[in-house]
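Listed here are the chains, written in short residue letters.
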Amino acid sequence: MDQNKYCNSLTEYSRRESVKVNIGQVPLGADCPIRVQSMTTIDTMDTQGSVDQTIRMVDSGCEYVRITAPSIKEAQNLQEIKNELRAKGIDVPLVADIHFTPNAAELAAKIVEKVRVNPGNYADKKKFEEIDYTDESYEAELLRIKKKFTPLVEICKANGTAMRIGTNHGSLSDRIMSRFGDTPLGMVESALEFLRICDEMDYHEIVLSMKASNTRIMVQAYRLLVHKLEEEGLKPYPLHLGVTEAGDGEDGRIKSAVGIGALLEDGLGDTVRVSLTEEPEYEAPVAQSLIDRYANRSGHQMIAPLDHSPVDPFVYERRKSIEVLNFGDQNVPRVIADFSGEKVVDKKALKPIGHHYLPELDKWKMGDTGADYVYSGTNPIPYMLPNGLREVLDYEIWKALDDQENKYPLLTLEDLSVFDGVVAFVQVDAANLAAVTDLKNRAGLVVMLYTQNIHAMAELRRFIFEMMLQGVELPVVLMHKVMEQDQTEFQLATATDVGGLLIDGLGDGVMLSGQGNKKVENDTAFGILQAARTRMTKTEYISCPSCGRTLFDLQETTAMIRKRTDHLKGVKIGIMGCIVNGPGEMADADYGYVGSGKGKITLYRGQTVVKRAVPSERAVDELIEIIREDDNWVEPETEVIAL
Ligand code: SF4
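Numbers given for residues are sequential positions, taken from 1 along each chain in its written order. Only residues with pLDDT of 70 or above have their local features reported here, since the model is predicted, and side-chain atom pairs are shown and tallied only from 80 upward, although totals for entire chains, interfaces and linings are computed over all residues. The side-chain values count all of the structure's non-hydrogen atoms but skip hydrogen atoms and water molecules.

A.B. asks: Summarise unusual backbone geometry; cite the residues concerned and give the values.
C.D. replies: Look at Asp362: it is not a glycine, yet its phi comes out positive at around 50 degrees. Starting at the N terminus, helices and strands are each numbered in turn, a helix being any DSSP run of H or I of at least four residues and a strand any DSSP run of E of at least two. Tracing the backbone through its elements, the reader meets Asp362 in the loop between strand 10 (355-358) and strand 11 (363-366). Only protein chains enter the calculation, and the probe is 1.4 Å; a residue is then buried if its accessible area is under 20% of its type maximum, exposed if over 50%, and partly exposed in between. Take Asp362: its relative accessible area is 53%, and that puts it in the exposed class.

Have a look at this one:
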């Protein structure tokens, strides 16, 4: 088996053939449509509230509804919720979400159509201990798990209940952490330990997931899972895709699209859950939009086949490139704003791309998401650009300029043969693989790569792979046009196509266009770079979507914390509704704000508790104090920019 293989094809859209799993009346996998699902946020003991919320979710497009069952009493109440729903003619399959409590799982499995177990905490309590296992003691641990897990499998078999073995990057057991570390392999192994038990017991109504808040880790883990299933001769179980704690608003949507979209592009995924810190009925339409992009994907324009990926799909490594201007090599990916379709007249025009002109002072001020370049096409910008912003123009126009300082030509491949300057941008259609030969042994060029193929990510990737195979190390800007005026649809489409490449270390810059609003295009470009973890320009909030365990109003709290901290560039803050799962789920955060009791918050520095049971009225101030102690605090700017 090819050691890099994780999908049917890197160049032709083809959905992975999974086995069919029956979940109530709505089967999953095989040739079923990719399903949409979500999770309630209300207390499971509130029967009426749960029923009402479930109905809203179904109306918004959810095909399965998950409900948390933290203890036996909530598991019991699932029966009440189910009865009410069925009495109203709502037969959506229900899924019980279980952490730590096998007895709740065993009861729920007799009531609902599917149970979700977290292999990181089904049989283990986390003590954050590193244990040195011998092969014998590890084997003894597996036997212990088997004993705890087997009754649930038997109940599921007897009742026709499906199961998701859902690994979370943030809640791996101490056993897995000790042996495999906090890695995609650890995540996969965590699920396989449970899956092998099911397989031995001839129970196959299984769905698998590998969620993480870090999109790179998440994508690598799903790919590795597919690879390992095949390697071990296990069935191709359906995949449930999700990015955990994606946050809210456009950041949450872009982050979800980067992670989930990267996998859907390669034909992986049978059901999608988008986790937003918003009302659950807002999640399904986002998931549906991501899925709908593949409705007519088969039969796309052909892309030259390539069997073996030249990048390791399970490990992040940025493609090796030479430095040209400030592109490539160790530089962060650059953002180019596309102004080619409009004539820039005054200085205000650059405000949407993060360059603010202050007329009183006759000065420019650059925001955190100030574009690095502007492409003006045939319409040169009629004034001196602010420091830090450079201009790219079409070759013919550039040639005629008197002053070419900080201005660079955009060439076609034909222009290359006559161009005798030192540095230029060259636009290349990714369908034209022969162009790689023209780029060989050239220096001083930034490749502006575009595609017209509906299977855009794969075609752009195919071209960059060809560059790698032929040893062409010029930096590449992903120049992607999506003609879509709806802001969210534009963000989801571009985040999928461009984010999927950045996740694999491909791309030294981004130029987005087609939406029309320069601010949306610019913010989306920076948002995608942040979501793919290639350039951090803002505070990152890793907030859980909330559920029946949540101890405070997550949306309100997230908004309040955001208001006080969203000027802290690159700092990652976890905002978690409960102490049971929260600390694990925010594995990646620098600081954590976690509900630990009614009106009480526990504050973390990384994974370490710094202050316990802080009254919620004081918790944000105390959090800021901790950030300050670490010298990571800066005062927000209060200056009002008058324009
Ligand atoms: S971290 Fe949030 S979503 Fe997860 S169990 Fe706790 S409250 Fe629920």
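Here the narrative resumes, following the displayed structure.
A.B. asks: Summarise the site of the ligand; cite the residues concerned and give the values.
C.D. replies: Around the ligand sit Cys544, Ser546, Cys547, Arg549, Thr550, Gly577, Cys578, Asn581 and Gly582, and that is every residue in its neighbourhood. The cavity where the ligand resides is the largest cavity. Its residues placed into classes, the shell around the ligand shows three nonpolar, five polar and one charged. Summary of the distance rule: residues count as near a molecule or strand when at least one heavy atom falls within 4 Å of that molecule or strand. Points on a 1 Å grid, built from protein atoms alone, make a cavity when a 1.4 Å probe fits but cannot get out and make a pocket when they are open with protein on both sides within 12 Å along at least 5 of 7 lines; residues with an atom within 4 Å of a point are the lining residues. If over half the atoms of a molecule are within 2 Å of the grid points of a cavity or pocket, the molecule is regarded as sitting in it. Under the convention adopted here, Pro, Cys and the residues Ala, Val, Leu, Ile, Met, Phe, Trp and Tyr are nonpolar, Asp, Glu, Lys and Arg are charged, and Gly plus all remaining residues are polar.

A.B. asks: Tell me about the layout of surface pockets, and name the residues and values.
C.D. replies: Grid points are joined across faces, edges and corners, and a volume is the space filled by probe spheres set on the points. Of the volumes computed, that of the second largest pocket is approximately 410 Å³. Along the wall of the second largest pocket there are 19 residues; nearest its centre are Met384, Leu385, Pro386, Leu389 and Asn406. Its residues placed into classes, the lining of the second largest pocket shows eight nonpolar, four polar and seven charged.

A.B. asks: How would you explain the packing of helix 1 (residues 47-59) against helix 2 (residues 72-87) if you had to name every residue and give the values?
C.D. replies: Packed helices, taken two at a time, are described by the angle between their axes plus the distance between the axes. Note on geometry: axes are C-alpha line fits, over the in-contact stretch for helices, and angles between N-to-C directions span 0 to 180 degrees. Packing of helix 1 against helix 2 brings their axes to within 9 Å, and their N-to-C directions diverge by 50 degrees. By the angle class used here, helix 1 and helix 2 are oblique. Regarding helix 1 and helix 2, the two cross each other, and that crossing is right-handed. Across the interface between the two elements, Thr47, Gln48, Ser50, Val51, Thr54 and Ile55 from helix 1 touch Asn77, Glu80, Ile81, Glu84 and Leu85 from helix 2. By definition in this entry, angles of less than 35 degrees are roughly parallel, angles greater than 145 are roughly antiparallel, angles of 65 to 115 are roughly perpendicular, and the rest are oblique. Each helix crossing is assigned a hand: it is left-handed if the near helix lies turned anticlockwise from the far helix by less than a right angle, otherwise right-handed if that turn is clockwise. Residues count as neighbours in contact if any of their non-hydrogen atoms are within 4.5 Å of one another.

A.B. asks: An account of the packing of aromatic side chains is needed here, citing residue identities and associated values.
C.D. replies: Aromatic rings in a pair are described by how distant their centres are and how their planes are angled relative to each other. The rule is short: rings of Phe, Tyr and Trp, with Trp giving its six-membered ring, pair when the centres are within 6.5 Å, and they are stacked under 30 degrees, edge-to-face over 60, tilted in between. Following the criterion strictly, the structure yields 15 aromatic pairs and no others. Where Tyr122 meets Phe149, the ring centres are 5.8 Å apart and the plane angle is 80 degrees; that geometry is what we call edge-to-face. With Tyr122 in the loop between strand 4 (114-117) and helix 4 (135-159) and Phe149 in helix 4, this residue pair connects regions lying 27 residues apart in the sequence. For the residue pair Tyr122 and Phe149, the accessibility class agrees, reading buried in each case. When the centroid spacing of 5.4 Å and the interplanar angle of 85 degrees are considered together, the rings of Tyr133 and Tyr138 count as edge-to-face. Given a relative accessible area of 6%, Tyr138 falls into the buried group. Three or more aromatic residues link up through ring pairs in this structure, and these residues are Phe327, Tyr373, Tyr408 and Phe425. Only lysine NZ and arginine CZ atoms are considered, and such an atom sits over a ring when it is within 6 Å of the ring centre and within 35 degrees of the ring normal. The ring of Tyr64 carries Lys114 above its face, with NZ or CZ at 5.6 Å from the centroid.

A.B. asks: Describe the pattern of salt bridges, listing the residues and the values that go with them.
C.D. replies: Where side chains of opposite charge bring their charged atoms close, a pairing between them can arise. We define a salt bridge as a contact between a side-chain nitrogen of Lys or Arg and a carboxyl oxygen of Asp or Glu at a distance within 4 Å. All told, the structure shown has 46 salt bridges when counted by the stated rule. A salt bridge links Glu113 to Arg86; its shortest N-O distance comes to 2.9 Å. In this pair, Glu113 is assigned in the loop between helix 3 (102-108) and strand 4 and Arg86 in helix 2, connecting sequence segments 27 residues apart. With relative accessibility at 13%, the residue Glu113 sits in the buried group. Relative accessible area serves as the criterion here: at 26%, Arg86 is assigned to the partly exposed category. Between Glu283 and Arg273 there is a salt bridge, with the nearest N and O atoms lying 3.2 Å from each other. In this pair, Glu283 is assigned in helix 9 (residues 283-292) and Arg273 in the loop between strand 8 (271-272) and helix 9, connecting sequence segments 10 residues apart. An identical accessibility class is assigned to Glu283 and Arg273; each is buried.

A.B. asks: With reference to specific residues and values, describe the side chain of Gln37.
C.D. replies: Mapped onto the fold, Gln37 is located in strand 1 (residues 35-39). In the analysis that follows, any N or O atom pair within 3.5 Å is treated as a polar contact, provided that within protein one partner can donate a hydrogen and the other can accept it, and provided that, for residues neighboring in sequence, both atoms belong to side chains. Among the polar contacts made by the side chain of Gln37, one reaches the side chain of Thr271 at a distance of 3.0 Å.

A.B. asks: Residue-level account of the sheet that holds strand 7 (residues 240-241), with values.
C.D. replies: Following DSSP output, two strands are said to pair if at least two bridges run between them. Pairing in this open sheet of eight strands is parallel, and the strands run 6-5-4-3-2-1-8-7 from one edge to the other. Edge positions in the sheet fall to strand 6 (206-211) and strand 7, since each has one partner strand and no second. This element, helix 2, spans strand 2 (64-68) and strand 3 (94-98) of the sheet and lies at about 165 degrees to strand 3. The sheet contacts of helix 6 (residues 184-200) involve strand 5 (162-168) and strand 6, and relative to strand 5 the element is tilted by about 155 degrees.

A.B. asks: An account of the sheet that holds strand 21 (residues 591-597) is needed here, citing residue identities and associated values.
C.D. replies: Reading across from one edge, 19-20-21-22-23 is the order of the five strands in this open sheet, with mixed pairing throughout. Each edge of the open sheet carries a strand with a single partner, namely strand 19 (540-543) and strand 23 (608-615). Shown here is a sheet whose adjacent strand axes are inclined to one another by a mean of 20 degrees, direction ignored.

A.B. asks: Got a sec to walk through empty space enclosed by the protein? Specific residues and values, please.
C.D. replies: According to the stated counting rule, one finds four cavities of 30 Å³ or more in the structure shown. As for the largest cavity, its lining consists of 25 residues, of which Met39, His99, Glu245, Pro545 and Glu585 are closest to the centre. Elements with a contribution of two residues or more to the lining of the largest cavity: strand 2, strand 5 and helix 17 (582-585). Considering only residue class, the lining of the largest cavity consists of six nonpolar, 10 polar and nine charged. Estimates place the volume of the second largest cavity at around 140 Å³. In terms of lining, the second largest cavity is formed by 13 residues, of which the most central are Ala246, Asp251, Lys255, Gln530 and Glu540.

A.B. asks: Account for the pairing of strand 5, with residues named and values stated.
C.D. replies: Burial of strand 5 is extensive: seven of the seven residues sit out of reach of the surface. Burial along strand 5 is two-sided: the face carrying Ala162, Arg164, Gly166 and Asn168 and the face carrying Met163, Ile165 and Thr167 are both buried. Bridge count for strand 4 against strand 5 is four bridges, and the pairing is parallel. Opposite Arg116, over in strand 5, you have Arg164 as the bridge partner. Bridge count for strand 5 against strand 6 is six bridges, and the pairing is parallel. Note on strand 6: the bridge partner recorded for Thr167 is Met210.

A.B. asks: Before we move on, could you go through the pairing of strand 18 (residues 509-513) and cite the residues and values that matter?
C.D. replies: Counting buried positions along strand 18 gives five out of five residues, so the element sits mostly inside the fold. Both faces of strand 18 are covered, namely the face carrying Gly509, Met511 and Ser513 and the face carrying Val510 and Leu512.

A.B. asks: So what about the nonpolar core? Which residues, and what values?
C.D. replies: What we call a nonpolar core is a set of buried Ala, Val, Leu, Ile, Met, Phe, Trp, Tyr and Cys residues that are connected through their side-chain atoms within 4.5 Å. Grouped together as the largest cluster of nonpolar side chains are 151 residues, with contacts concentrated most on Phe149, Leu152, Met163 and Phe463. If one sorts the elements of this core by residue count, helix 7 (residues 215-231) sits on top with nine residues. Setting aside chain neighbours within four positions, we find Phe149 in contact with Val117, Tyr122, Met163, Phe194, Ile197 and Cys198. Among the nonpolar cores identified, the runner-up in size contains 27 residues, and Leu554, Ile561, Ile601 and Val620 belong to it.

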